[in-house]
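# Residue-level structure breakdown
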Amino acid sequence: MDTRVVGILGGGQLGRMLVEAANRLNVRTAVLDAAENPASQVSGSANLRSHVTGSFKDAALIGDLAKVSDVLTVEIEHVDTKGLDAVLSQGIVKHIHPTPQTIRIIQDKFRQKQHLIKHGVPVADSREVTSVKDIENAVAEFGNGFPVMLKSKTLAYDGRGNRVIKSASDISQAISDLGGGPAKNGPELYVEKWIPFQRELAVMVARSVSGNIVSYPCVETVQKNNVCHVVVAPAQIDGTVQQRARKVAEEAVRSFEGAGIFGVEMFLLDDGSILLNELAPRPHNSGHYTIEACYTSQYEQHIRAILDIRRSIMINLLGSGSATSDLESSVLRPCRIAHETTGASVHLYGKAACQKGRKMGHITLTADSMPQAAALASKILGDDLDAET
Ligand code: ATP
Ligand code: MG
Ligand code: MG
């Protein structure tokens, strides 16, 4: 279907399911991660030569992945974005989705929050902090007392960068648990107002290269100890709240550049209002359900979005008989028209003899919409579209 190679930074379970979706679309993939990662295990043998073994935080290895790829994408946001900038500016790849700048903003959860506030997306109040005093001041400013949530700005996942501060006496322990903050050369921290949410919601949002945005239904996620345990799809909530959550998620994604799927985590409050917790520039745990529950999974949607794969029709070229005129009418003539048609790709199989009913090749048509693809098919097949597609 496509000759382009998608290079994926990260080969965990999300990368594995991206590779599975790419396999079904006959799109080749190359994975950058440690040896024998879950994603490279499931990619076809033709891809094995292309995988790059090592860290997605290593700019030189990102360069190696870029050399074998046409488009780069990520299954994790904790990558070296300067390495991504470099391969783009050196022209080693033309496309990275989403953009390195989007990944850079999102990978720092505090910077992500500032960006969302700037674009009018509702989020919990938070403050950058470096000391016990800063946290005490923030608690006073929030005006709700304890608890509050201390968070690492970067490298956070599964709550590993989070500490609940239940009282003033917990503050210094929480800072040291998270590595001490910048004063001790540890990760930078911020403190967030405690959100007494009724439920947690999530929406997967896809954005095309041209900027079209669509979202999946809103789901409920249930976290235990900061880790997602259960996802209920769709969330068993009022339809207007569903719509509100999708709108918040879509608006948030609209504020970032680049194509692909984004996972948006939100808090639903008792009054029906919604705050965005965080978003991820990639497939997300809360979107696994889409593999079985939706026509197009979040993984396939991501591959299609970043490659700008649109509507397509495939026409098998079946021989109509062994005479020269049969070869001409059933194979060569459609191929000639296809060669003159934008959006048509010809595949001929090199079979020696044309016989009635033999598969001699196929033509793939891609277009922005199904009617446009059908119009191309009619041009190539004349009136035979219904009979031969
Ligand atoms: P992920 O694995 O989703 O990337 P993470 O490590 O980035 O998670 P968060 O999403 O910030 O962490 O928080 C994890 C969980 O902690 C949330 O899903 C929610 O249950 C709880 N939580 C986070 N922030 C707050 C808050 N301000 N008030 C109350 N609970 C919170
Ligand atoms: Mg996170
Ligand atoms: Mg989270």
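Each chain carries its own residue numbering, running from 1 in the written order of its sequence. Chain A is the first chain written and ligand 1 is the first ligand written, with later ones labelled in order. The model is predicted, so local features are restricted to residues of pLDDT at least 70 and side-chain atom pairs to those at 80 or more, both for listing and for counting; the totals for chains, interfaces and linings are taken over all residues.

## Remarks on the confidence of the model for the protein chain
Looking at any residue, its pLDDT shows the predictor's confidence there, from 0 to 100. Mean pLDDT over the protein chain: 93, with 95% of residues reaching 70 or higher. Interface confidence in the predicted complex, given as ipTM, is 0.99; pTM for the same model is 0.84.

## Looking at the sheet that holds strand E8 (residues 162-165)
Read across the open sheet, the four strands follow the order E6-E9-E7-E8; overall the sheet is antiparallel. Of all the strands in the sheet, the pair left with one neighbour each is strand E6 (126-129) and E8. Shown here is a sheet whose adjacent strand axes are inclined to one another by a mean of 25°, direction ignored. As paired elements, E6 and strand E9 (residues 189-193) share four bridges and run antiparallel to each other. Directly across from valine 129, in E9, lies its bridge partner leucine 189. In this description, strands pair whenever DSSP reports at least two bridges between them. A run of DSSP states H or I qualifies as a helix once it reaches four residues; a run of E qualifies as a strand once it reaches two. Both are numbered from the N-terminal end. Axis definition: a line fit to C-alpha positions, over the contact stretch in the case of helices; interaxial angles, taken between N-to-C directions, run 0 to 180 degrees.

## Observations concerning the environment of histidine 51
Take histidine 51: it is sitting in the loop between helix H3 (45-48) and strand E3 (52-53). Excluding residues that lie within four positions of it along the chain, histidine 51 makes contacts with Ala30, Val31 and Ser40. Remark: residues whose backbone-derived C-beta atoms lie within 7 Å of one another are considered to be in contact.

## Details of the environment of arginine 16
Summarising the element assignment, arginine 16 is placed in helix H1 (residues 13-24). The sequence separation of arginine 16 and valine 31 amounts to 15 residues, and the corresponding C-alpha distance is 9.4 Å. With near-sequence residues (within four places) excluded, arginine 16 lies in contact with Pro38, Ala39 and Val42.

## Focus on the site of ligand 1
Residue proximity rests on one test: whether the C-beta atom, placed from the backbone, lies within 6 Å of the molecule or strand. Lining the immediate surroundings of ligand 1 are 19 residues, of which Ala156, Glu192, Ile195, Gln223 and Asn226 lie closest. Asp, Glu, Lys and Arg are counted as charged, while Ala, Val, Leu, Ile, Met, Phe, Trp, Tyr, Cys and Pro are counted as nonpolar; the rest, among them Gly, fall into the polar class. Its residues placed into classes, the shell around ligand 1 shows six nonpolar, six polar and seven charged.

## Brief notes about the packing of helix H13 (residues 324-339) against helix H14 (residues 370-381)
With their axes 8 Å apart at the nearest point, H13 and H14 run at an angle of 135° to one another. Here H13 is positioned oblique relative to H14, judged by the angle of their axes. Contact residues: H13 offers Pro334, Ile337 and Ala338, while H14 offers Lys379, Ile380 and Leu381. Partitioned by chemical class, the residues of the contact of H13 with H14 number five nonpolar, no polar and one charged. In what follows, roughly perpendicular refers to angles from 65 to 115 degrees, roughly parallel to angles under 35, roughly antiparallel to angles over 145, and oblique to any angle outside these ranges.

## Thoughts on helix H8 (residues 132-142)
Along H8, the residues that are buried comprise Ile135, Ala138 and Val139. One face of H8 carries all of its buried residues, which in axial projection span an arc of 100°. Along H8, exposed side chains directed more than 90 degrees from the buried face belong to Lys133, Ala140 and Glu141. Tucked into the core, H8 has its buried residues touching E6, strand E7 (148-152), E8, helix H9 (171-177) and E9. Exposure classification rests on a simple neighbour count of other C-beta atoms within 10 Å of a residue's own: a residue reaching 20 or more is buried, one at 12 or fewer is exposed, and one in between is partly exposed. C-beta atoms are placed from the backbone. It is the directions from the helix axis to the C-beta atoms whose arc is reported.

## Some words on the packing of H1 against helix H12 (residues 298-307)
Contact geometry for H1 and H12: axes closest at 8 Å, N-to-C directions at 65°. In terms of orientation, H1 and H12 fall into the roughly perpendicular class. Every pair of crossing elements has a handedness; the one defined by H1 and H12 is right-handed. Where H1 abuts H12, its residues Met17, Leu18, Glu20, Ala21 and Ala22 lie against Tyr299, Glu300, His302 and Ile303. Partitioning the contact of H1 with H12 into residue classes produces six nonpolar, one polar and two charged. Should the near helix be turned anticlockwise from the far one by less than a right angle, the crossing is termed left-handed; should it be turned clockwise, right-handed.

## Quick notes on the pairing of E9
For E9, the tally of buried residues reaches four of five residues, placing the bulk of the element in the interior. Both E7 and E9 contribute to a ladder of five bridges, which runs antiparallel. The residue bridging leucine 150 from the neighbouring strand is valine 191, located in E9.

## Some details on the nonpolar core
Across soluble globular proteins, you tend to see nonpolar side chains buried next to one another. Connectivity within a nonpolar core runs through C-beta atoms within 7 Å, and the core itself is a set of buried Ala, Val, Leu, Ile, Met, Phe, Trp, Tyr and Cys residues. Judged by nonpolar contacts, the single largest core of 67 residues is most densely connected at Val203, Val264 and Met266. With residues near it in sequence (within four places) discarded, methionine 266 still touches Leu201, Ala202, Ala245, Val248, Ala249, Ile274, Leu275, Leu276 and Asn277.

## Some words on the pairing of strand E14 (residues 260-268)
Of all nine residues making up E14, eight are buried, and the element is well covered by its neighbours. Note that strand E10 (residues 199-207) and E14 share nine bridges and pair antiparallel. Residue pairing in the sheet places valine 205 in a bridge with phenylalanine 262 of E14. Where E14 lies against strand E15 (residues 274-280), six bridges are found, and the strand directions are antiparallel. Residue glycine 263 lies in a different strand from E15, and its bridge partner there is alanine 280. A loop of five residues connects E14 with E15, the two strands running antiparallel in sequence, and glycine 272 in this loop sits at a positive phi of about 90°.

## What to know about helix H7 (residues 109-118)
Residues of H7 that are buried: Lys109, Gln112, Lys113 and Leu116. End-on view of H7: buried residues confined to an arc of 100°, all on one side of the axis. Packing partners of the buried residues in H7 comprise helix H6 (100-107), E6, E7, helix H10 (239-254) and E15.

## Quick notes on the sheet that holds strand E17 (residues 344-348)
Read across the open sheet, the three strands follow the order E16-E18-E17; overall the sheet is antiparallel. Edge positions in the sheet fall to strand E16 (311-318) and E17, since each has one partner strand and no second. Across the sheet, the mean angle from the axis of one strand to that of its neighbour is 15°, orientation sign disregarded. Alignment of E17 against strand E18 (residues 359-367), held across five bridges, turns out to be antiparallel. Opposite alanine 344, over in E18, you have leucine 365 as the bridge partner. Contacts from H13 reach E16, E17 and E18, with the element oriented near 145° to E17. Seen against the sheet, H14 touches E16, E17 and E18 and runs at an angle of roughly 20° to E16.

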